[in-house]
Amino acid sequence: MQLRRKSRRMRKNIRHFKKKEIDYAKYIKDFYLDNGIAYISCSVRSIEDVINPYSVKGYEDLNPELANYIEENAYHIPVEYPIVLEICGGSFSPAEKKVIEETVLDHFGLKLGDAQLDLSQNRANSLRLLVLGLASFALFFILGKLDVLGTVLDFAFWFFIWEFGDMVWLTRNELLENKTAAAQLASLKIVFRKKI
């Protein structure tokens, strides 16, 4: 009897969870947006919360925990909104503020550079696959009399064209979305606020 009640209750819970929905757009608007600008606020105590304590002066690197925090929050923000990073707390001198701004922008600028390289590699690989596909198609017609070689060339043609299509229509769209998101972060503005 007890087992049936649990299973009935579990089925009821599962139905409830399947029907559960939130207004995602409203949640994002309430949590991040204000007058068409998205805000990511982070609380820091000292410069070590922002700058990786292992970095060398003049070659500062962003603290990986803070970078991860910013990226996780930016993931939810639609790319059409500019982002303002609010650094709350800490007492920074003007020189430290400048180092923080440069380090944050350099970090996300490098991410944008990575996304641009991925797109360039995708373009080069796509062209290679297209050329190999067309070459195998041409060889198929030229050497079509050889039965075994013709089958191999037919298979090669379809493989190269299929992979070309995957790279051009599927992978490239994902890479373009990643580049747009990286550009959004590379363009963020940084403001310093006293502890809220």
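Above: the structure in question.
The following refers to the structure shown.

Definitions and cut-offs
Residues numbered from 1 in each chain as written. Predicted model: local features only at pLDDT ≥ 70, side-chain atom pairs only at ≥ 80, totals over all residues. Heavy atoms only, no water. Salt bridge = Lys/Arg side-chain N within 4 Å of Asp/Glu carboxyl O. Buried < 20%, exposed > 50% of the residue type's maximum accessible area, 1.4 Å probe, protein only. Axes fitted to C-alpha atoms, helices over the stretch in contact; angles between N-to-C directions. Helix = DSSP H or I, 4+ residues; strand = E, 2+ residues; numbered from the N terminus. Parallel < 35°, antiparallel > 145°, perpendicular 65-115°, else oblique. Left-handed = near helix turned anticlockwise from the far one by under 90°. Contact = heavy atoms within 4.5 Å. Nonpolar A, V, L, I, M, F, W, Y, C, P; charged D, E, K, R; others polar. Core = buried A, V, L, I, M, F, W, Y, C linked by side-chain atoms within 4.5 Å. Phe/Tyr/Trp six-rings, centres within 6.5 Å; stacked < 30°, edge-to-face > 60°. Patch = residues over 30% accessible without salt bridge, like charges linked within 9 Å, V, L, I, M, F, W, Y side chains within 5 Å. Areas by Shrake-Rupley, 256 points an atom, 1.4 Å probe, with all protein chains shown as cover. Expected span 1.5 Å × (residues − 1). Arc of directions from axis to C-beta. Polar contact = N/O pair within 3.5 Å; in protein donor to acceptor, adjacent residues only side chain to side chain.

What to know about the pattern of salt bridges
Now for step 1: Evaluated as defined, the whole model comprises five salt bridges.
Now for step 2: Ionic pairing is found between Asp49 and Arg45, a salt bridge with its closest N-O pair at 3.7 Å.
Now for step 3: A relative accessible area of 67% means that Arg45 is categorised as exposed.

Section: the packing of helix α3 (residues 64–75) against helix α4 (residues 94–142)
Now for step 1: Contact geometry for α3 and α4: axes closest at 11 Å, N-to-C directions at 60°. As judged from the angle between their axes, α3 and α4 are oblique. Here the hand of the crossing between α3 and α4 comes out right-handed. Here Ala67, Ile70 and Glu71 of α3 lie close against α4, whose contacting residues are His107, Phe108 and Lys111.
Now for step 2: The residue makeup of the contact of α3 with α4, split by class, is three nonpolar, one polar and two charged.

Side note on the nonpolar core
Most often, soluble globular proteins have nonpolar side chains that are buried together.
Now for step 1: The biggest cluster of nonpolar side chains holds 26 residues, and the ones touching the most others in it are Ile70, Ile83, Leu85, Ile87, Ile100, Val104 and Leu188.
Now for step 2: Secondary-structure elements contributing two or more residues to this core are α2 (24–32), β2 (37–43), α3, β3 (83–88) and α4.
Now for step 3: Looking at this core, the element that brings in the most residues is α3, giving four residues.
Now for step 4: Apart from the residues within four sequence positions on either side, Ile87 is in contact with Cys42, Val44, Phe92, Ile100, Ile190, Val191, Phe192 and Arg193.
Now for step 5: If you look at the next biggest cluster of nonpolar residues, it comprises five residues, including Ala156, Phe160, Phe164 and Met167.

A look at the packing of aromatic side chains
Now for step 1: According to the stated counting rule, one finds five aromatic pairs in the structure shown.
Now for step 2: Ring plane angle 70° and centroid distance 4.9 Å describe the contact between Phe157 and Trp158, whose orientation is recorded as edge-to-face.
Now for step 3: Judged by its relative accessible area of 13%, Phe157 is buried.
Now for step 4: Residue classification places Trp158 among the exposed residues on the basis of a relative accessible area of 51%.
Now for step 5: Every member of this aromatic cluster is reached through a ring pair, and the members are Phe137, Phe157 and Trp158.

What about the environment of Ile83?
Now for step 1: Residue placement: Ile83 occurs in strand β3.
Now for step 2: Owing to a relative accessible area of 2%, Ile83 belongs among the buried residues under this scheme.
Now for step 3: Through-space distance from the C-alpha of Ile83 to that of Lys189 is 6.5 Å; in sequence the pair is 106 residues apart.
Now for step 4: Those residues in contact with Ile83 that lie beyond four places of it in its chain are Ala38, Ile40, Ala74, Ile77, Gln184, Leu185, Leu188 and Lys189.

Some details on a nonpolar patch on the surface
Now for step 1: Judged by side-chain polarity, Leu139, Ile142, Leu143, Leu149 and Val152 come together as a nonpolar surface patch covering roughly 420 Å² of accessible area.
Now for step 2: For the nonpolar patch, the elements supplying multiple residues, two or more each, are α4 and α5 (147–186).
Now for step 3: Looking at the secondary structure, you find Leu149 in helix α5.

Let's talk about α3
Now for step 1: In this model, α3 (twelve residues) spans 16 Å end to end at C-alpha, consistent with the 16 Å of a helix rising 1.5 Å per residue.
Now for step 2: The complete set of buried residues in α3 reads Leu66, Ala67, Ile70, Asn73 and Ala74. Along the axis of α3, the buried positions cluster into a sector of 135°, meaning they face one direction only. Every exposed residue of α3 that faces more than 90 degrees away from the buried side is listed here: Pro64, Glu65 and Tyr75.
Now for step 3: Sitting at the head of α3, Asn63 places a side-chain oxygen 3.0 Å from the backbone nitrogen of Glu65.

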